Amino acid sequence: RLVESGGGLVQAGGALRLSCAASGGIYSINEMGWYRQAPGNQRELVAVLTSGTSTNYGDSVKGRFTISRDNAKNTVYLQMNNLKAEDTATYYCNVKGVTRTGKFEFESWGQGTLVTVSS
């Protein structure tokens, strides 16, 4: 189960921090990340962080967004600075890992949190 928080309305140039906490029968997490989808567009990568320290950012957010993770809390954060109108979208948390029971690989998506940037 993934619980997201932190979306909202912000003016261009402002900042927001998204959080996503994973819980329930998790043995290990291999990757945590954020994707976004604006109306009429396909879902796109924002940022992902592997179980190590490897990160990957979408080209449009490099230098403005930072992904981080608290392993003890199974929580991933997305710090978004210098927000632009084109960042307006629903942001989805994504987690890939292994279940405690049966050691099955899983992939889960959050319910989405809306970020609106006014110009």
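As a reminder, the structure under discussion sits directly above these lines.
Values in this document were obtained by computation on a predicted structure and should not be read as measured data.

Rules used in this analysis
Counting restarts for each chain, with residues numbered from 1 along the sequence as it is written. Predicted model: local features are reported for residues with pLDDT of at least 70 only, side-chain atom pairs are reported and counted for 80 or more only, and whole-chain, interface and lining totals are derived from all residues. In computing side-chain properties, one takes all heavy atoms of the structure into account and sets aside hydrogens as well as water. We call two strands paired when DSSP finds no fewer than two bridges between them. Helix and strand labels come from DSSP, where a helix needs a run of H or I of at least four residues and a strand needs a run of E of at least two; each type is numbered from the N terminus. Interaxial angle, 0 to 180 degrees, is taken between N-to-C directions of lines fitted to C-alpha atoms, where a helix line uses only the stretch in contact. When a residue's accessible area, from a 1.4 Å probe over protein chains only, is under 20% of the maximum for its type it is buried; when over 50% it is exposed; and in between it is partly exposed. His is not counted here, nor are the chain ends, while Lys and Arg score as positive and Asp and Glu score as negative. Salt bridge, as used here, is a side-chain nitrogen of Lys or Arg placed within 4 Å of a carboxyl oxygen of Asp or Glu. Think of a polar contact as two N or O atoms within 3.5 Å of one another; within protein, one of them needs to be a possible hydrogen donor and the other a possible acceptor, and neighboring residues in sequence only count if both atoms come from side chains. Only heavy atoms matter for contacts: two residues are in contact if any of them lie within 4.5 Å across the pair. Any two of the Phe, Tyr and Trp rings considered here, Trp counted by its six-membered ring, make a pair once their centres fall within 6.5 Å; the pair's planes then place it as stacked at under 30 degrees, edge-to-face at over 60, or tilted in between. Think of it as a cone above the ring: NZ of Lys or CZ of Arg counts as a charge over the ring if it is within 6 Å of the ring centre and within 35 degrees of the ring normal. Whenever a pair of cysteine sulfur atoms sits within 2.5 Å, that pair is classed as a disulfide.

Side note on the sheet that holds strand β8 (residues 75-80)
Strand order in this open sheet of 4 strands is β1-β3-β8-β7, and the pairing throughout is antiparallel. Sheet topology places β1 (2-5) and β7 (65-70) at the edges, where each strand pairs with a single neighbour. This sheet shows a mean twist of 15 degrees between the axes of neighbouring strands, independent of strand direction. The pairing of β1 with strand β3 (residues 16-22) spans 4 bridges and is antiparallel. Within β3, the position partnered with E4 by the bridge is C20.

Digging into the side chain of E4
Considering the arrangement of structural elements, one finds E4 in strand β1. Within the buried set, E4 has no salt-bridge partner at all; the shortest N-O distance to an opposite charge, 8.0 Å, is to R43. A polar contact is formed between the side chain of E4 and the backbone nitrogen of G112, at a distance of 2.9 Å. In terms of polar contacts, E4 uses its side chain to reach the backbone amide nitrogen of T113, at 3.2 Å. In this structure E4 touches S19, C20, W34, Y91, Y92, C93, G110, Q111, G112 and T113, once residues within four positions along its chain are discounted.

A short note on the packing of aromatic side chains
Inspection of the entire model under this criterion finds 1 aromatic pair. Over the face of the ring belonging to Y77 we find R17, whose NZ or CZ atom lies 4.1 Å from the ring centre. Taking NZ or CZ as reference, K103 lies 4.3 Å from the ring centre of Y27, over its face.

As for the state of the cysteines
Taken as a whole, this structure holds 1 disulfide when the rule is applied. Across the disulfide from C20 sits C93; the S-S distance is 2.1 Å. Between C20 and C93, the S-S dihedral sits near -80 degrees, and the bridge is therefore left-handed. Here the residue C20 occupies a position in strand β3, and C93 occupies one in strand β9 (residues 89-99), the gap between them amounting to 73 residues. Comparing C20 with C93 shows no difference in burial state: the two are buried.

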